[in-house]
Amino acid sequence: MGFNSLTGQETVKSRLKDITAAPSACSLLFTGPEGIGKHLFAKETAKAILCMDRKPDGACGQCASCKYIDAGTHPDLISVEPSEGRKNIRIADLREVVRDAEVKPQISKHKVLIINADKTAPDCQNLMLKSLEEPDEHLVYILLCSDTSRLLRTILSRVTELPFREYTDEQMLSILKDQGGEDLSDDKLSFLSSFSSGIPGKALSLMNDSEFLEERDYIFDLVMRMPKLGYTDVLYDEFNYFDKNRDKMDELLLLLIWTLGDVATAIAVPKPTDLKNSDKRNEIIKFVADNGEITLINISNAEKAVTDYIDASHVNASFETSCCNMLLRIHKELRNEKNR
Ligand SMILES: [Zn+2]
């Protein structure tokens with residue numbers, strides 16, 4: 001129970017244990033990328049503040065207050081998100097929430113207001129600022145933000161910022177296993193973890209996206225079979241795959257870069273350990289052994305074809321031309337045609 005039930009973010013946790021022990025009129029700002037766990041920690045923080053039998057580690061998890069929070073019905077915990085179909089929180093909605101928050105709490109000693117600050121326009125921020133300048137004793141603000149440059153500087157100067165850090169591979173594995181990934185191999189989980197840059201929310205959504213691991217397999221196999229493909233296979237079948245998945249191009253390109261990078265690692269190091277596709281290590285080693293004529297220069301040229309595609313896409317070049325061009329250049333390098 002309490003903060004110790006959450007994985008990682010040890011610095012944040014230890015500060016939250018102190019802060020929630022005497023939370024009067026405090027205003028917190030949780031910062032970090034989307035999916036890093038700010039909402040989860042905000043809920044645990046609210047639980048610790050509102051708990052009727054607080055333990056040194058935070059909430060007891062047993063009292064009426066803790067149970068109300070678990071059920072999502074605590075009258076003194078208010079969570080503010082944009083109403084359905086809206087990009088941002090409406091100022092009228094926020095005004096009402098702030099007015100209600102000023103009224104004394106119903107069952108706990110405090111009221112906690114969790115606001116998704118990423119969804120606040122400057123008018124809403126000005127409204128929050130007034131409340132932050134003269135906070136009610138019972139009121140605790142928790143603002144969640146992934147991009148502090150969008151917040152008014154005056155807000156930043158009134159809050160205690162708690163920055164969230166990316167999780168280590170080991171922590172990510174434990175989180176993913178707890179959240180339904182227990183049947184996946186450690187290598188696959190480790191791949192999801194690095195692809196998501198240590199951000200659990202991102203890794204979890206990829207883990208639950210059945211198409212993602214299929215896409216990864218497709219791109220990986222594409223690189224593996226490239227040397228055997230003919231010119232027209234590349235131009236039709238392979239291009240069609242990218243064309244069909246245009247909306248996922250960023251993901252596909254990153255997978256492509258990673259697989260090419262793994263091949264480069266295996267060319268440079270006889271027994272590679274540091275591979276992104278670590279679950280496919282044997283296939284990569286076999287590919288390099290079977291295609292001894294591919295050099296690091298070929299791989300670097302193939303990677304350059306991908307970055308050139310990205311540059312071209314920024315200047316709105318035709319998708320068809322630049323994607324075919326990229327695939328043909330990679331094909332040429334992996335067939336190492338100059339040496340044949
Ligand atoms: Zn409790």
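Residues numbered from 1 in each chain as written. Predicted model: local features only at pLDDT ≥ 70, side-chain atom pairs only at ≥ 80, totals over all residues. Heavy atoms only, no water.

Moving on to the overall build of the chain. Of the regular secondary structure elements, the chain holds 15 helices and five strands. Over its C-alpha atoms the chain spans a radius of gyration of 25 Å, topping by over 25% the 20 Å that the globule rule assigns to 340 residues. With the C-alpha coordinates aligned to their principal axes, the bounding extent of the chain is approximately 80 × 40 × 30 Å. Classification of the 340 residues of the chain by burial places 47% in the buried group. Across the chain, every contact between residues at least 6 apart in sequence was considered, and the portion connecting residues at least 24 apart equals 72%. When the accessible surface of the chain is totalled, it reaches about 17,100 Å², and 48% of it is carbon and sulfur. Charged side chains in the chain number 43 positive and 55 negative. The centres of these two groups are separated by 3 Å. (Helix = DSSP H or I, 4+ residues; strand = E, 2+ residues; numbered from the N terminus. Rg over C-alpha atoms; globule rule 2.2 N^0.38 Å. Buried < 20%, exposed > 50% of the residue type's maximum accessible area, 1.4 Å probe, protein only. Contact = heavy atoms within 4.5 Å. Areas by Shrake-Rupley, 256 points an atom, 1.4 Å probe, with all protein chains shown as cover. Lys, Arg positive; Asp, Glu negative; His and termini not counted. Charge placed at Lys NZ, Arg CZ, Asp CG, Glu CD.)

With that settled, consider the packing of aromatic side chains. In this description, an aromatic ring pair is defined by two values, namely the gap between the centres and the angle between the planes. Within the structure shown, the criterion is met by 11 aromatic pairs. Ring geometry for phenylalanine 41 and phenylalanine 164: centres 5.1 Å apart, planes at 85°, overall edge-to-face. Of this pair, phenylalanine 41 sits in helix α2 (residues 38-50) while phenylalanine 164 sits in the loop between β5 (160-163) and α7 (169-181), and the two are 123 residues apart along the sequence. Each member of the pair, phenylalanine 41 together with phenylalanine 164, is buried. When the centroid spacing of 5.9 Å and the interplanar angle of 40° are considered together, the rings of phenylalanine 239 and phenylalanine 319 count as tilted. Of this pair, phenylalanine 239 sits in helix α11 (residues 231-244) while phenylalanine 319 sits in helix α15 (residues 319-335); the two residues are 80 residues apart in sequence, bridging distant segments of the chain. (Phe/Tyr/Trp six-rings, centres within 6.5 Å; stacked < 30°, edge-to-face > 60°.)

The element strand β1 (residues 27-31) is largely enclosed, with a buried count of five among its five residues. The side-chain alternation of β1 yields two buried faces, one formed by Ser27, Leu29 and Thr31 and the other by Leu28 and Phe30. Note: β1 against strand β4 (residues 139-145), five bridges, orientation parallel. Following the sheet pairing, phenylalanine 30 is matched in β4 by leucine 144. By the bridge criterion, four bridges tie β1 to β5 in an arrangement that is parallel. Looking at the pairing, leucine 29 lines up with glutamate 161 of β5. (Pairing = 2+ DSSP bridges.)

Helix-helix packing is described using two parameters, namely the angle between the two axes and the distance between the axes. As a packed pair, α7 and helix α8 (residues 186-195) sit with axes 9 Å apart at the nearest point and diverge in direction by 110°. If you check the angle between α7 and α8, you find them roughly perpendicular. Crossing handedness for the pair α7 and α8: right-handed. Each of Asp169, Met172, Leu173, Leu176, Lys177 and Gly181 in α7 lies in contact with α8, whose residues at this interface are Asp186, Leu189, Ser190, Leu192 and Ser193. (Axes fitted to C-alpha atoms, helices over the stretch in contact; angles between N-to-C directions. Parallel < 35°, antiparallel > 145°, perpendicular 65-115°, else oblique. Left-handed = near helix turned anticlockwise from the far one by under 90°.)

Next up on the list: the coordination of the zinc ion. Coordination of the zinc ion by the protein involves Cys51 (SG), Cys60 (SG), Cys63 (SG) and Cys66 (SG), with metal-donor separations of 2.2 to 2.4 Å. Coordination at the zinc ion is tetrahedral: its four donor atoms span angles of 101 to 116° at the metal. Mapping the donors of the zinc ion onto the primary sequence gives the spacing C-x8-C-x2-C-x2-C. Cysteine 63 sits in the buried class, given a relative accessible area of 12%. (Donors = N, O, S within 2.8 Å, 3.2 Å for Na, K, Ca; no water. Tetrahedral: all angles 85-135°; square planar, octahedral: opposite > 155°, others 65-115°.)

Residues Phe30, Ile142, Phe242, Cys323, Met326, Leu327 and Ile330 are the most contacted members of the largest nonpolar core, which totals 78 residues. Here this core gets 10 residues from one element, more than from any other, and that element is helix α12 (residues 249-268). Viewed by domain, this core spans two of them, domain 1 (2-163) and domain 2 (209-339), each represented by three or more residues. Not counting chain neighbours up to four residues away, the residues in contact with cysteine 323 comprise Phe239, Phe242, Met249 and Tyr309. Membership of the second largest hydrophobic core comes to 23 residues, among which are Val80, Ala101, Leu132 and Ile155. (Core = buried A, V, L, I, M, F, W, Y, C linked by side-chain atoms within 4.5 Å. Domains from an automatic or database assignment.)

A word on the domain arrangement of the chain. According to the domain assignment, the chain contains domain 1 (2-163) and domain 2 (209-339). A separation of 45 Å is found between the C-alpha centroids of domain 1 and domain 2.

Read from one edge to the other, the open sheet built from five strands follows the order β2-β3-β4-β1-β5, with strand pairing classed as parallel. Edge strands, defined here as strands with exactly one partner in the open sheet, are β2 (77-80) and β5. Averaged over all pairs of adjacent strands, the angle between strand axes in this sheet comes to 20°, irrespective of strand direction. The strands that helix α1 (residues 10-21) touches are β1 and β5; relative to β5, the one it contacts most, it runs at about 150°.

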